[in-house]
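Structural features, examined
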Amino acid sequence: MSKDLKGKKVVVLGGSSGIGLEVSRQAAELGAEVVVASSSAEKVRKAVAELGGKTTGTTLDLKDETAIAAFFEKLGAFDHLVYTAADSLHVSDLASTDLKAARNAFELRFWSLLAAVKYATPHLREGGSITMTTGIYGRRPVKGIPIVASIAAMMEGLTRSLALDLAPLRVNCVSPGVVRTGLWNTMSEKDRDGFFEATAKQVPAGRIGEAEDVAQTYLYLMMQANSTGQTVVVDGGASLV
Ligand SMILES: NC(=O)c1ccc[n+]([C@@H]2O[C@H](COP(=O)([O-])OP(=O)(O)OC[C@H]3O[C@@H](n4cnc5c(N)ncnc54)[C@H](OP(=O)(O)O)[C@@H]3O)[C@@H](O)[C@H]2O)c1
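Keep in mind it's a predicted model, so treat the numbers as computed, not measured.

1. Some words on the overall build of the chain
The helix and strand inventory of the chain stands at 7 helices and 9 strands. Radius of gyration (C-alpha) of the chain: 17 Å, near the 18 Å computed for a compact globule of 241 residues. Along the longest, intermediate and shortest principal axes, the C-alpha atoms of the chain span 45 × 35 × 35 Å. Taking the intrachain contacts of the chain between residues at least 6 apart in sequence as the baseline, contacts between residues at least 24 apart amount to 69%.

Below, the structure is given as structure tokens:
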């Protein structure tokens, strides 16, 4: 396993906040030249200012296939792709699911990811990797989230399939439990704090995830050379109880 990322170029799609921002920070600390991309110019600007050093940023709406292709064409050769881009979870039981909205929930988490991998792959250098993101609801759903659970389970199959198709590039996925990030900002502060506290009480580790500890898993999957097709769960034991 390499000990640092000196001389490596790392692209983090969704790197302007939450888990992606922490992956960007840790990769930069290990010497990588990091490129952060997401749809909000202001968030990208803030992330680049915060990370400093050799980090650069690009405003990129991953729902725009032409823009994705142009982004990678302009970028040229690089070493590691990380995909953490996501919108809010589509939480609804089947009876109350609006099927058009449910289809839309696959846009950023499946179709945009597929496009990013397709257009990135020709530019990934030998020894490179792709690390994607899912969540534990794919393996251990709770009631009322069939769309969320479907997307999460799909990601694990896609990871295994792409690991075969794109070999010898390595393709892996990280599956976090609940992590304290802006993804939960659609809840009121009071509800969110209550949810985090209740979750922490339920899980064996007695805490929810922080973006910092989940980000370490992406760094591990980037830097070791022999793991591919794997989904690594980082959930404080939530999927055991
Ligand atoms: N937080 C958790 O508890 C948790 C648990 C399990 C799994 N996960 C998964 O982990 C991943 C990262 O989540 P997070 O918690 O870090 O969320 P987050 O803080 O909300 O970050 C999401 C990122 O996606 C970007 N994004 C959204 N729409 C985009 C678009 N159209 N084009 C480009 N970028 C876009 C956002 O930036 P812009 O707004 O600038 O576009 C942001 O940088 C997601 O797949 C999430 O489902 C999270």
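2. Some thoughts on the sheet that holds strand E6 (residues 170-176)
Spatially, the 7 strands line up as an open sheet ordered E3-E2-E1-E4-E5-E6-E9, and their pairing is parallel. Edge strands, defined here as strands with exactly one partner in the open sheet, are strand E3 (56-59) and strand E9 (231-234). When the angles between neighbouring strand axes are averaged without regard to direction, this sheet yields 20°.

3. Topic: the environment of Met-222
For Met-222, the location among the structural elements is in helix H7 (residues 211-223). On the neighbour-count criterion, Met-222 (29 C-beta atoms within 10 Å) is buried. Distance from Met-222 to Ala-27, taken between C-alpha atoms, is 9.5 Å for residues 195 residues apart in sequence. Those residues in contact with Met-222 that lie beyond four places of it in its chain are His-80, Ser-129 and Thr-131.

4. Thoughts on the site of the ligand
Near the ligand you find 27 residues, and of these Gly-18, Ser-38, Ser-39, Ser-40 and Ala-86 are the closest. With 3 residues, helix H1 (residues 18-29) is the single largest residue contributor to the shell around the ligand. Classifying every residue of the shell around the ligand gives 10 nonpolar, 13 polar and 4 charged.

5. Things to note about the packing of H1 against H7
Running from N to C, H1 and H7 point in directions that differ by 60°, and their axes come no closer than 8 Å. Classified by the interaxial angle, the pair formed by H1 and H7 is oblique. The hand of the H1/H7 crossing is right-handed. Contacts from Gly-18, Ile-19, Leu-21, Glu-22, Val-23, Gln-26 and Ala-27 in H1 reach Ala-211, Glu-212, Val-214, Ala-215, Gln-216, Tyr-218 and Leu-219 in H7. Split into classes, the residues belonging to the contact of H1 with H7 amount to 9 nonpolar, 3 polar and 2 charged.

6. Topic: unusual backbone geometry
Peptide bonds are trans in most cases, and residues, glycine excluded, mostly fall at negative phi. For the bond from Ala-167 to Pro-168, the omega torsion is 10°, close enough to zero to count as cis. For Pro-168, the location among the structural elements is in the loop between helix H5 (146-165) and E6.

7. Some details on the nonpolar core
As a rule of thumb, soluble globular proteins bury nonpolar side chains together. Core analysis: the largest hydrophobic core is formed by 62 residues, its most contacted members being Leu-13, Val-34 and Val-82. Those residues in contact with Val-82, other than ones at most four positions away along the chain, are Val-10, Val-11, Val-12, Leu-13, Gly-20, Val-23, Thr-131 and Tyr-218.

8. A closer look at the pairing of E9
Residue alternation in E9 divides its side chains into a buried set, Thr-231 and Val-233, and an unburied set, Val-232 and Val-234. With 4 bridges connecting them, E6 and E9 associate as parallel partners. Within E9, the position partnered with Cys-173 by the bridge is Thr-231.

9. Remarks on the pairing of strand E1 (residues 9-13)
Across the 5 residues that make up E1, a large majority, 5, are buried. Because side chains alternate across E1, one face comprises the buried residues Lys-9, Val-11 and Leu-13, and the other comprises Val-10 and Val-12, equally buried. In this sheet, strand E2 (residues 33-38) lies alongside E1 in parallel orientation, the contact comprising 5 bridges. Bridging from a neighbouring strand, Lys-9 pairs with Glu-33 of E2.

10. Details of the packing of helix H4 (residues 99-120) against H5
Closest axis-to-axis distance for the H4/H5 pair is 10 Å, and the angle between their directions is 15°. Taken together, H4 and H5 sit at an angle that is classed as roughly parallel. In this structure, H4 crosses over H5, and the sense of that crossing is right-handed. Counted together, Ala-102, Ala-105, Phe-106, Arg-109, Phe-110 and Val-117 of H4 and Ile-147, Ile-151, Met-154 and Leu-162 of H5 form the full contact between these two elements. Each residue belonging to the contact of H4 with H5 can be placed in one class, and the counts come to 9 nonpolar, no polar and 1 charged.

Parameters at a glance
Positions within a chain are numbered from 1, following the residues in the order the chain's sequence is written. Per-residue local features are limited, in this predicted model, to residues with pLDDT of at least 70; the limit for side-chain atom pairs, both in listing and counting, is 80 or more; totals at the level of whole chains, interfaces and linings are taken over all residues. Helix and strand labels come from DSSP, where a helix needs a run of H or I of at least four residues and a strand needs a run of E of at least two; each type is numbered from the N terminus. The globule rule is 2.2 Å times the number of residues to the power 0.38, and the radius of gyration it is compared with is taken over C-alpha atoms. Here the contact rule is simple: place C-beta atoms from the backbone, and any two residues whose C-beta atoms are within 7 Å are in contact. The pairing criterion for strands is at least two bridges between them, as found by DSSP. Interaxial angles span 0 to 180 degrees and are taken between N-to-C directions of axes, which are lines fitted to C-alpha atoms, for helices over the stretch in contact. Exposure classification rests on a simple neighbour count of other C-beta atoms within 10 Å of a residue's own: a residue reaching 20 or more is buried, one at 12 or fewer is exposed, and one in between is partly exposed. C-beta atoms are placed from the backbone. Here, nearness means that the C-beta atom of a residue, built from backbone geometry, sits within 6 Å of the molecule or strand in question. For this scheme, ten residues count as nonpolar: Ala, Val, Leu, Ile, Met, Phe, Trp, Tyr, Cys and Pro. Four count as charged, namely Asp, Glu, Lys and Arg, and the remainder, Gly too, count as polar. Every angle not falling under 35 degrees, over 145, or within 65 to 115 is termed oblique; those three ranges are roughly parallel, roughly antiparallel and roughly perpendicular. Two helices crossing with the near one rotated counterclockwise from the far one by less than a right angle form a left-handed crossing, whereas a clockwise rotation gives a right-handed crossing. To count as a nonpolar core, a set of buried Ala, Val, Leu, Ile, Met, Phe, Trp, Tyr and Cys residues must be joined through C-beta atoms within 7 Å.

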